[in-house]
Amino acid sequence: MMTPSEHAQVLVVDDDPLTRMMATEALREGGFATIEAADGYQALSAFDSKLPDLVLLDVMMPGLSGFDVCQQLRARPSGALVPIIMLTGLDDSESVQRAFDAGATDFISKPINWTLLRFRIRYVLRSAQVMKELTRNKESLSNAQRIARLGSWEWFVDEDRVQRSDQYYRLFGQSPHAFGAGMEAVLGHVYASDRAAVTAAVEGARKGIGYQLTYRVVWPDGSVRTVLETAEPGDVRDGRGQLVMEGSAQDISDHVDAQRRIRQLAYFDHLTGLPNREFFRESLLGAVARGLRNDSRCAVMVVDLDRFARINDSLGPERGDQVLQVIGHRLRECMGDRAPAEPAGGGSLPRLKVARLAADEFGVLLSDAGSQDDIIAVAEALLQAVRAPIRVPGQEITLSARIGLAVMPDHATDADALLKAAETALNRAKRVTGEQVALFSEEMKVAAFLRFTLEGDLRRAIGDDELRVIYQPIVDLHRRAVVKAEALVRWPHLARGAIPPPEFISLAEETGMIVPLSRAVIERVCADIAAMEPHLPADFRFCINLSGVNFMDTQLIPTVRAVLAAAGVPPGRIEFELTETVLMRDLDYATVILAQLREMGVRVAVDDFGTGYSSLAYLRRLAVDTLKIDRSFVNELDDGQGIAIVEAVIGLAHSLGLEVVAEGVETASQLCALSARGCHLIQGYLFARPMPVESLLEVLGREVSMPGMLAGTPAPR
């Protein structure tokens with residue numbers, strides 16, 4: 001290990017050449033390198049250029065004295081820690097004191113013992129090395145504390161004397177003079193609501209009890225920072241036996257802010273600022289636990305906005321977002337929901353009553369709920385708040401809502417089960433016309449279980465090819481022949497018998513199973529077409545219904561291509577039926593998808609036309625081939641109420657060169673009215689009920705009779 005004297009460089013300063021020569025020779029024999037200077041000015045210049053490890057400096061020199069040179073060297077940053085040994089023939093105490101006042105490290109009187117001088121220099125260099133290391137460590141510690149924003153203190157308890165680091169004062173934005181003396185001086189800089197906690201911690205520390213505490217401090221400019229302070233008794237008491245407490249404090253404001261932002265992202269909805277589903281669930285966990293502990297009731301409400309999708313469809317998502325913000329604000333106002341000020345360090349989540357659970361669904365929590373009538377009264381107030389008109393630029397919107405509610409402990413004693421019960425009640429309210437508030441019941445639970453069971457059965461049915469496809473013919477009056485057939489899916493449940501299509505189709509859409517279900521239907525239809533192909537007229541087409549979920553599926557086009565190619569079916573055999581609402585949900589997207597279908601050769605019909613937008617503008621833009629008149633208008637033909645609408649739809653279709661099909665035709669009078677107005681494609685029980693593919697094949701070669709064209713009697717069922 002290299003000693004401090006090895007390769008050390010000594011600056012020898014003396015106006016006497018003989019003294020310089022003797023000093024230089026003695027030092028070289030001791031292994032030191034030397035630099036010589038004949039006066040003070042040369043000494044300063046040599047020091048700046050060579051930066052020696054030690055200076056051997058004569059006191060009495062012409063021009064600048066050794067005292068002057070020593071002072072100037074100490075004034076330099078590079079000379080603050082360099083050892084300076086002063087040589088002089090003066091032997092009075094005043095000169096010695098003056099040398100040390102000037103910054104000298106050591107003082108040697110002449111005549112000089114050169115052998116001893118070498119050992120003296122080695123000792124001074126070793127001491128200087130230790131001092132440099134201590135200084136470097138202190139600076140490193142200070143820098144580390146500054147970077148970490150960490151301050152420290154020692155408290156001599158009996159005399160209430162506190163030694164604080166410079167960085168500690170910086171944590172409070174204060175100077176040592178302005179901070180105050182004694183341990184309790186800190187209280188004057190603590191945020192008012194945190195002062196009691198800090199006072200209690202200090203009182204405990206006075207008895208030797210350590211603590212770890214997060215609290216806020218107020219800077220002179222009014223800004224608030226958060227610190228984490230830790231204190232514990234020292235390892236030993238001081239020499240007089242008094243208690244010494246040691247502590248450190250760190251500015252964790254950035255960490256607290258980051259945690260707050262993370263919590264905001266994790267627990268709050270960015271659009272409305274309301275708590276999200278996870279926050280609501282945690283609040284509900286606490287409310288249920290308190291209710292069970294205090295033998296009190298709490299209630300959960302789930303509020304769903306009726307047909308909110310039409311806001312986005314008609315006014316755009318930006319207006320829809322504004323409406324959601326207004327509704328969220330109203331629900332909070334109605335519940336008196338105010339978030340309390342957060343404790344230091346973020347603390348636990350505040351208790352809030354309203355949350356956004358889904359896109360157009362809100363949750364409301366009632367702690368310490370009253371009677372059932374009181375709870376329903378709150379629900380009615382919430383509905384009233386939703387119903388108030390909402391004004392957005394250029395528009396006034398009126399919404400309605402439905403609420404499902406459940407009460408603890410009446411309906412559940414578990415938070416998740418209670419929320420599930422409220423959602424089950426909401427589903428009941430959404431399915432029953434006119435029921436805006438539904439209270440959970442055991443019957444709903446049974447129905448929900450059956451629906452859950454049905455979901456599993458449907459998944460199995462799709463996988464096991466249990467679903468059946470039947471076809472309802474579409475007749476061309478001019479040709480008196482079947483020219484199309486609509487594919488309809490049926491589910492003959494192995495245990496429950498035939499499941500009504502509206503029940504399992506809506507279930508498939510809710511659960512996302514509509515995509516594999518529709519693919520199974522398309523594959524079945526294509527397989528039937530392939531089997532029937534030799535017997536099919538050239539222009540015969542099969543119509544397949546697509547839901548909104550299917551249409552928005554990014555794999556729709558690749559799936560259709562793959563299925564048609566695998567079955568070897570010409571695309572012109574297929575006509576997809578889509579409702580106006582589905583097409584208008586995203587008109588730009590619909591335009592692209594329909595253009596791709598037309599490019600493939602697949603035709604498109606607009607189903608239930610007349611019940612939605614019925615806009616000439618969108619029909620011109622979209623690549624559609626057929627309009628289907630909704631059965632509700634056909635039913636009104638018998639009493640004359642639907643004639644104007646039917647005439648308008650037929651005229652619009654003809655003007656655009658589109659086919660027009662009337663569905664739900666059941667009487668000869670309806671048939672006559674449609675035929676007279678130019679609609680010659682007819683679908684309904686008047687001609688045929690849905691049938692299996694074998695029966696369809698049989699009717700293709702027959703001429704269709706026009707039963708009771710003028711009789712006006714319903715076709716037999």
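What you see is a predicted model, and the numbers here were worked out from it, not measured in a lab.

Novice: Any details on the pairing of strand 21 (residues 541–545)? Residues and values, ideally.
Specialist: With four of five residues buried, strand 21 lies mostly within the body of the structure. With three bridges joining them, strand 19 (residues 481–493) and strand 21 adopt parallel strand pairing. When the bridges of strand 21 are listed, lysine 484 appears paired with arginine 541. In this sheet, strand 22 (residues 574–579) lies alongside strand 21 in parallel orientation, the contact comprising four bridges. Residue pairing across strands places asparagine 545 opposite glutamate 577, the latter belonging to strand 22.

Novice: Would you mind going over the layout of surface pockets in detail, with residue names and values included?
Specialist: The volume enclosed by the largest pocket comes to roughly 1600 Å³. Among the elements that line the lining of the largest pocket, the one with the most residues is helix 16 (residues 501–511), at six residues. For the lining of the largest pocket, the class distribution of residues is 18 nonpolar, 12 polar and 18 charged.

Novice: How would you explain helix 2 (residues 40–50) if you had to name every residue and give the values?
Specialist: The set of residues buried in helix 2 consists of Gly40, Ala43, Leu44, Ala46 and Phe47. Buried residues in helix 2, looked at end-on, bunch into an arc of 165°, giving them a common side. Of the residues in helix 2, the exposed ones pointing more than 90 degrees away from the buried face are Tyr41 and Ser49. Residue aspartate 39 occupies the N-cap position of helix 2, its side-chain oxygen lying 3.1 Å from the main-chain nitrogen of tyrosine 41. Phi for leucine 51, located one or two positions after helix 2, is positive at around 50°.

Novice: Any details on the confidence of the model for the protein? Residues and values, ideally.
Specialist: The share of residues in the protein with pLDDT of 70 or more is 89%, and the mean pLDDT across the chain is 86. Within the model, pLDDT remains below 50 along residues 340–349, and this stretch shows 19 contacts once partners closer than five positions in the same chain are excluded. Contacts of residues 709–717 to residues separated by more than four positions or lying in other chains number 19 contacts, the stretch itself having pLDDT below 50.

Novice: Report on the nonpolar core, specifying residues and quantitative values.
Specialist: Within the largest apolar cluster, 88 residues are counted, with the highest numbers of intra-cluster contacts made by Leu458, Val525, Phe542 and Leu594. Apart from the residues within four sequence positions on either side, phenylalanine 542 is in contact with Tyr471, Ala485, Val525, Ile529, Met532, Leu536, Arg573, Ile574, Glu575 and Leu696. Formed by 32 residues, the second largest nonpolar core is a distinct cluster that contains Leu271, Leu305, Val386 and Ala401.

Novice: How would you summarise the pattern of salt bridges if you had to cite specific residues and measurements?
Specialist: Think of it this way: side chains of opposite charge can pair up when their charged atoms draw near. Here the structure, examined in full by the defined rule, presents 37 salt bridges. One salt bridge in this structure joins aspartate 304 and lysine 430, with 4.0 Å as the shortest N-O distance. Linking aspartate 304 in strand 11 (residues 298–305) with lysine 430 in helix 14 (residues 415–431), this pair joins segments that are 126 residues apart in sequence. Overall, the relative accessible area of 7% leaves aspartate 304 in the buried class. Since its relative accessible area comes to 42%, lysine 430 is described here as partly exposed. As a salt-bridge pair, arginine 428 and glutamate 435 come within 3.4 Å of each other at their nearest N and O atoms. Shared partners join several salt bridges into a network, and the residues in it are Lys484, Arg541, Glu575, Arg603 and Glu659.

Novice: Tell me about the pairing of strand 12 (residues 354–358), residues and numbers included.
Specialist: Each regular strand carries side chains that alternate between the two faces of the sheet. Extensive coverage of strand 12 is indicated by the burial of four of its five residues. Both strand 12 and strand 13 (residues 361–366) contribute to a ladder of four bridges, which runs antiparallel. In the sheet register, alanine 355 faces strand 13, and the bridge partner there is glycine 363. Here strand 12 folds back onto strand 13, and the loop between the two strands holds two residues.

Novice: Any chance you could break down the packing of aromatic side chains for me, citing the residues and the numbers?
Specialist: Applying the stated criterion to the full structure yields 11 aromatic pairs. Measuring from ring centre to ring centre gives 6.4 Å for tyrosine 168 and tyrosine 169, while their planes differ by 80°; the resulting arrangement is edge-to-face. Since its relative accessible area comes to 9%, tyrosine 169 is described here as buried. Between the NZ or CZ atom of arginine 161 and the centre of the ring of phenylalanine 156, over which it lies, the distance is 4.0 Å. The ring of tyrosine 191 has arginine 216 lying over it, and the distance from NZ or CZ to the ring centre is 4.3 Å.

Novice: Provide a residue-level description of the sheet that holds strand 10 (residues 244–251), including the pertinent values.
Specialist: In spatial order, the strands read 7-6-10-9-8; together these five strands make up an open sheet with antiparallel pairing. Each of the sheet's edge strands pairs with one partner strand only, and the pair in question is strand 7 (161–164) and strand 8 (211–218). Adjacent strand axes in the sheet meet at a mean angle of 25°, parallel and antiparallel pairs treated alike. When strand 6 (residues 150–156) meets strand 10, the two strands line up antiparallel, connected through seven bridges. Bridge assignment links tryptophan 153 to a residue of strand 10, and that residue is glycine 247.

Novice: Can you explain the environment of glutamine 596? Please cite residues and give values.
Specialist: Mapped onto the fold, glutamine 596 is located in helix 21 (residues 587–600). With 27 residues separating them in the primary sequence, glutamine 596 and alanine 623 have C-alpha atoms 9.2 Å apart.

Novice: How would you explain unusual backbone geometry if you had to name every residue and give the values?
Specialist: Cis geometry marks the peptide bond from methionine 408 to proline 409; its omega dihedral reads 15°. Although it is not a glycine, leucine 51 adopts a positive phi angle of roughly 50°. Along the chain, leucine 51 falls in the loop between helix 2 and strand 3 (54–58). Phi at arginine 480 is positive, roughly 50°, even though this residue is not glycine. The residue arginine 480 is located in the loop between strand 18 (468–476) and strand 19 in this model.

Novice: I'd like to hear about helix 12 (residues 317–335), residue by residue, with values.
Specialist: Along its 19 residues, helix 12 runs 27 Å from first to last C-alpha, staying within 8% of the 27 Å computed at 1.5 Å per residue. For helix 12, the set of buried residues is Gly320, Val323, Leu324, Ile327, Gly328, Arg330, Leu331 and Met335. Taken end-on, helix 12 shows its buried residues confined to a sector of 165°, consistent with a single buried face. Taken from the residues just after helix 12, glycine 336 is the one with a positive phi, measuring 60°.

Novice: Mind laying out the sheet that holds strand 1 (residues 9–13), listing which residues take part and the relevant values?
Specialist: Strand order in the open sheet made by the five strands is 2-1-3-4-5, with parallel pairing throughout. Of all strands in the sheet, those bounded by a partner on one side alone are strand 2 (33–37) and strand 5 (106–109). Averaged over all neighbouring strand pairs, the angle between strand axes comes to 20°, with direction disregarded. In terms of strand pairing, strand 4 (residues 84–88) meets strand 5 through four bridges, oriented parallel. Looking at strand 5, one finds that threonine 88 is bridged to serine 109.

Thresholds applied
- Residues numbered from 1 in each chain as written.
- Predicted model: local features only at pLDDT ≥ 70, side-chain atom pairs only at ≥ 80, totals over all residues.
- Heavy atoms only, no water.
- Buried < 20%, exposed > 50% of the residue type's maximum accessible area, 1.4 Å probe, protein only.
- Helix = DSSP H or I, 4+ residues; strand = E, 2+ residues; numbered from the N terminus.
- Pairing = 2+ DSSP bridges.
- 1 Å grid on protein atoms, 1.4 Å probe; cavity = no way out; pocket = protein on both sides within 12 Å on 5 of 7 lines; lining within 4 Å.
- Points joined across faces, edges and corners; volume = space filled by probe spheres on them.
- Nonpolar A, V, L, I, M, F, W, Y, C, P; charged D, E, K, R; others polar.
- Arc of directions from axis to C-beta.
- Polar contact = N/O pair within 3.5 Å; in protein donor to acceptor, adjacent residues only side chain to side chain.
- pLDDT = per-residue confidence, 0-100.
- Contact = heavy atoms within 4.5 Å.
- Core = buried A, V, L, I, M, F, W, Y, C linked by side-chain atoms within 4.5 Å.
- Salt bridge = Lys/Arg side-chain N within 4 Å of Asp/Glu carboxyl O.
- Phe/Tyr/Trp six-rings, centres within 6.5 Å; stacked < 30°, edge-to-face > 60°.
- Lys NZ or Arg CZ within 6 Å of the ring centre and 35° of its normal.
- Axes fitted to C-alpha atoms, helices over the stretch in contact; angles between N-to-C directions.
- Expected span 1.5 Å × (residues − 1).

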